[in-house]
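# Examining the three-dimensional arrangement
Chain by chain, the residues run as shown.
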Amino acid sequence: MIEGTPGAQPYGFCAAYFNAVEANMKLRRQQLLHILKDTDVFPLAISGFPRLGCHGFLDPPHDPTPESGASRSLFFPDEAIWAGHPRFRTLTRNIRERRGSKVAINIPIFKDEATPRPFVEDFPNDKDGGGSRDALPDHIYMDCMGFGMGCCCLQVTFQACDVEEARLLYDQLAVIGPVVLALSAATPIFRGYLADWDCRWRVIEGSVDDRTEEERGLKPLENDHFVIPKSRYSPVSYYLTTDVYNDVDHPRDMDMYKLMRDSGIDHLLAQHMAHLFIRDPISLFREKLDQDLEKETDHFENIQSTNWQSMRFKPPPPDSSIGWRVEFRPTEIQLTDFENAAFAVFVVLLTRTILSFGLNFLIPISKVAENMVTAQKRDAAQSEQFYFRQCVAPLDEEEAEKCSCEEDDFKLMSADEIINGNSKTHWVKI
C-alpha cells in the first residue's frame with residue numbers, strides 16, 4: 001500500500017485548480033511506473049487487495065507465524081509489514097499487546113446458493129484456539145492490523161480561513177461522510193471471500209482496536225480509567241460548533257478538559273480534545289521524548305494522528321504559514337484517476353456551497369454513527385436510507401415557502417434523494 005500526496009505545494013483557491021487534480025494524480029502514477037519500470041509490478045488503485053491474507057498472497061511467499069512475531073496472525077506474515085520504518089511493526093505489536101489479545105475483525109459473508117449454512121471456517125494453524133473463539137459464524141474473520149492498514153482510501157484536506165470556518169466545515173462534512181462512503185464503496189472482498197458489506201471502514205476499525213477488556217466493558221474498571229464504546233478508528237464523536245446535537249456522552253479526560261478550559265479554550269473544542277486524550281499513545285520514539293513544548297507539537301500529534309476519526313480537525317503547526325485545516329477521510333479509493341479526482345473535487349465544491357449558502361446539515365451525532373453502519377452494507381448507495389435533515393437552508397423565498405419542516409426535523413432518505421433532490425417532498429438537492 002502506497003500513500004501519495006499532491007506534492008510540496010497545496011492546490012490554490014481559484015477554480016482553475018480543479019482541473020489540476022486529475023493531472024496531478026496521473027503524474028504521481030507515472031512517477032510510480034517509472035520507479036517500477038524494471039519490475040513486473042503494476043500499481044492498481046484499489047481499496048483492498050482481494051486475496052490479502054490468503055495462502056501464498058505474498059511474492060516471494062511467506063508463511064504466517066501465529067506463535068511469534070509482531071502480528072502473530074493466522075493469515076498475515078510479518079514479512080507483509082514494511083520493515084523500512086519501525087513505526088509499522090511497532091504499531092502492530094503494540095496494539096496487540098495493549099489489547100491483551102489479537103484484534104478480532106468479523107465481516108458478514110455474502111451468501112449465495114453455494115455458501116455453507118452456517119459458514120464456519122477451520123483454522124489448522126490455530127494452536128491456541130484463539131481464531132476459533134473469536135471468529136463468528138457466517139463472517140469473514142481477520143486478526144491483524146495489516147488487514148485494515150493494508151487498505152487504501154481517498155482523503156482530502158482543506159485549509160480554512162480561520163478556526164471558526166474549520167470547525168463549521170468539520171461539523172457539516174461529518175454528516176456527509178457516510179453518504180460519500182456509500183457512494184464510493186469499493187471493498188467487497190476480504191481474505192478471498194465475497195462480503196455482504198462493501199466498504200473497508202469496519203475492517204480498519206477492528207484492525208486498530210487496542211481497547212483492553214476493561215475499556216470494552218467486559219471487566220470492571222480496575223487498571224484503566226474509561227469504558228470506551230468504540231475503536232480509535234471511528235466516526236466523529238462530537239460536533240465543534242454546537243452541543244445541541246451531541247446526544248451521546250462520550251468519555252473525556254477531565255484533567256485535560258480542565259487544563260484547556262483554564263487556558264481559555266471554549267467548552268466545545270476542549271471537549272473534543274479531551275475525548276482524543278482518553279487514548280494512550282501506541283507508538284513512541286526515544287528521540288522524541290524530550291521536546292520544547294513552546295515550539296514542538298509531536299506529543300500532541302502522537303495522540304491526534306492515532307485517533308483515526310471520519311473527520312480530522314488539524315490545528316496549525318508551530319512557526320508555519322499553514323493554517324487551520326479539516327481532513328475528510330471516509331471516501332474509498334476508485335480504480336481510475338478521473339473517478340478519484342471527481343470525488344475530491346466534489347467534496348471541495350461542497351465546502352464552497354456550504355459556506356456560500358450557509359447550509360446546515362447537522363443531525364444528532366448518534367444518527368451520524370448509525371449512517372456510517374448503514375453506508376457499509378451491500379449496495380447501500382442504491383438500496384439503503386440515511387438520516388438527513390429535511391431542510392438544510394432555503395436557497396430563496398420560493399424554496400422557503402415549499403419547506404415546511406421544523407428546524408430540527410430529519411428523516412430517512414436515499415443517497416439519490418440527498419444528492420439529487422426529491423420533487424415530491426421539495427427536498428433541495430445538494
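Cut-offs used in this document
Residues numbered from 1 in each chain as written. Predicted model: local features only at pLDDT ≥ 70, side-chain atom pairs only at ≥ 80, totals over all residues. Heavy atoms only, no water. Salt bridge = Lys/Arg side-chain N within 4 Å of Asp/Glu carboxyl O. Helix = DSSP H or I, 4+ residues; strand = E, 2+ residues; numbered from the N terminus. Buried < 20%, exposed > 50% of the residue type's maximum accessible area, 1.4 Å probe, protein only. Disulfide = S-S within 2.5 Å. Contact = heavy atoms within 4.5 Å. Polar contact = N/O pair within 3.5 Å; in protein donor to acceptor, adjacent residues only side chain to side chain. Pairing = 2+ DSSP bridges. Axes fitted to C-alpha atoms, helices over the stretch in contact; angles between N-to-C directions. Core = buried A, V, L, I, M, F, W, Y, C linked by side-chain atoms within 4.5 Å. Phe/Tyr/Trp six-rings, centres within 6.5 Å; stacked < 30°, edge-to-face > 60°. Lys NZ or Arg CZ within 6 Å of the ring centre and 35° of its normal. Parallel < 35°, antiparallel > 145°, perpendicular 65-115°, else oblique. Nonpolar A, V, L, I, M, F, W, Y, C, P; charged D, E, K, R; others polar. Left-handed = near helix turned anticlockwise from the far one by under 90°.

### Here's the deal with the pattern of salt bridges
All told, the structure shown has 23 salt bridges when counted by the stated rule. A salt bridge links Lys26 to Glu22; the shortest N-O distance between them is 3.7 Å. Within this pair, Lys26 and its partner Glu22 are both found in helix H1 (residues 18–35), separated by 4 residues, close to a single helical turn. Lys26 gets classed as partly exposed once you look at its relative accessible area, which sits at 38%. Residue Glu22 is classed as partly exposed on the basis of its relative accessible area of 24%. Among the ionic pairs, Asp337 bridges to Arg29, the shortest N-O distance being 3.1 Å. Highlighted residues: Asp337 in helix H10 (residues 337–357) and Arg29 in helix H1, separated in sequence by 308 residues.

### Remarks on the state of the cysteines
Counted by the stated rule, this structure contains 0 disulfides. Considering cysteine sulfurs only, Cys151 is the nearest to Cys144, which forms no disulfide, with 12 Å between them. The exposure class assigned to Cys144 is buried, which follows from its relative accessible area of 2%. Free of any disulfide, Cys161 has its nearest neighbouring cysteine sulfur in Cys14, separated by 17 Å.

### Things to note about the environment of His139
Along the polypeptide, His139 turns up in strand S2 (residues 139–142). Among all residues touching His139, those that are not within four sequence positions of it are Asn106, Ile107, Pro108, Ile109, Phe119 and Glu121. In terms of polar contacts, His139 uses its side chain to reach the backbone carbonyl oxygen of Pro137, at 2.8 Å.

### Digging into helix H11 (residues 365–375)
The buried fraction of H11 is high, at 8 of 11 residues. Of the positions making up H11, those classed as buried are Ile365, Ser366, Lys367, Val368, Asn371, Met372, Thr374 and Ala375. On its buried side, H11 packs onto helix H5 (163–183), helix H6 (201–207), helix H12 (380–383), strand S10 (385–389) and strand S11 (410–414).

### Let's talk about the environment of Ile109
Residue position: Ile109 is located in the loop between strand S1 (105–108) and helix H3 (130–134). Its relative accessible area of 7% is what places Ile109 among the buried residues. Separated by 43 residues in sequence, Ile109 and Cys152 have C-alpha atoms that sit 21 Å apart. Discounting residues that sit within four places of it in the chain, Ile109 has contacts with Phe119, Asp138, His139, Ile140, Tyr193, Leu194, Ala195 and Asp196.

### A closer look at the sheet that holds strand S9 (residues 325–328)
Strand order in the open sheet formed by 3 strands is S3-S9-S8, with antiparallel pairing between adjacent strands. The open sheet has two free edges, formed respectively by strand S3 (156–159) and strand S8 (311–314), since each of these has just one partner strand. Strand-to-strand twist across the sheet, computed as the mean angle between neighbouring axes with direction ignored, equals 20°. In the sheet, S3 pairs with S9 via 4 bridges, with the strands oriented antiparallel.

### Some remarks on the nonpolar core
Phe147 and Phe361 are the most contacted members of the largest nonpolar core, which totals 89 residues. With 11 residues, the single largest contributor to this core is H5. Contact partners of Phe147, with chain neighbours within four places excluded, come to Leu52, Gly53, Ser73, Phe75, Phe76, Ile105, Met142, Arg191 and Val203.

### Description of the packing of aromatic side chains
Scanning all chains against the criterion turns up 16 aromatic pairs. Their ring planes at 75° and their centres at 5.6 Å tell us that Phe75 and Phe123 sit as a pair that is edge-to-face. Placement of Phe75 in the loop between H1 and helix H2 (86–99) and of Phe123 in the loop between S1 and H3 is noted, with a sequence separation of 48 residues between them. The pair Phe75 / Phe123 is uniform in exposure class, with both members buried. Here the aromatic cluster, defined as three or more aromatic residues joined through ring pairs, consists of Phe57, Phe75, Phe76, Phe123, Tyr141 and Phe147. We note Arg202 situated over the ring of Trp197; from NZ or CZ to the ring centre the distance is 4.7 Å.

### A closer look at the packing of H5 against H11
Contact geometry of H5 with H11 gives a least axis separation of 8 Å together with a crossing angle of 5°. Here H5 is positioned roughly parallel relative to H11, judged by the angle of their axes. Residues Ala174, Val175, Gly177, Pro178, Leu181 and Ala182 of H5 pack against Val368, Asn371, Met372 and Ala375 of H11. Across the contact of H5 with H11, the residue classes tally to 8 nonpolar, 2 polar and no charged.

### Here we look at the packing of helix H7 (residues 254–262) against helix H8 (residues 267–276)
Packing of H7 against H8 leaves a shortest axis separation of 9 Å and a crossing angle of 150°. Along this stretch, H7 crosses H8, giving a crossing that reads as right-handed. Residues Met256, Tyr257, Met260 and Arg261 of H7 pack against His267, Ala270, Gln271, Met273 and Ala274 of H8. The class makeup of the residues in the contact of H7 with H8 is 6 nonpolar, 2 polar and 1 charged.

### What about unusual backbone geometry?
Residue Pro60 follows Asp59 across a cis peptide bond; omega there is 0°. Along the chain, the position of Pro60 falls in the loop between H1 and H2. The omega angle of the peptide bond from Arg117 to Pro118 is 0°, so this bond is cis rather than trans. In the Ramachandran plot, Arg72 falls in the positive-phi region, its phi being about 55° despite a non-glycine side chain. Checked against the element boundaries, Arg72 lands in the loop between H1 and H2.

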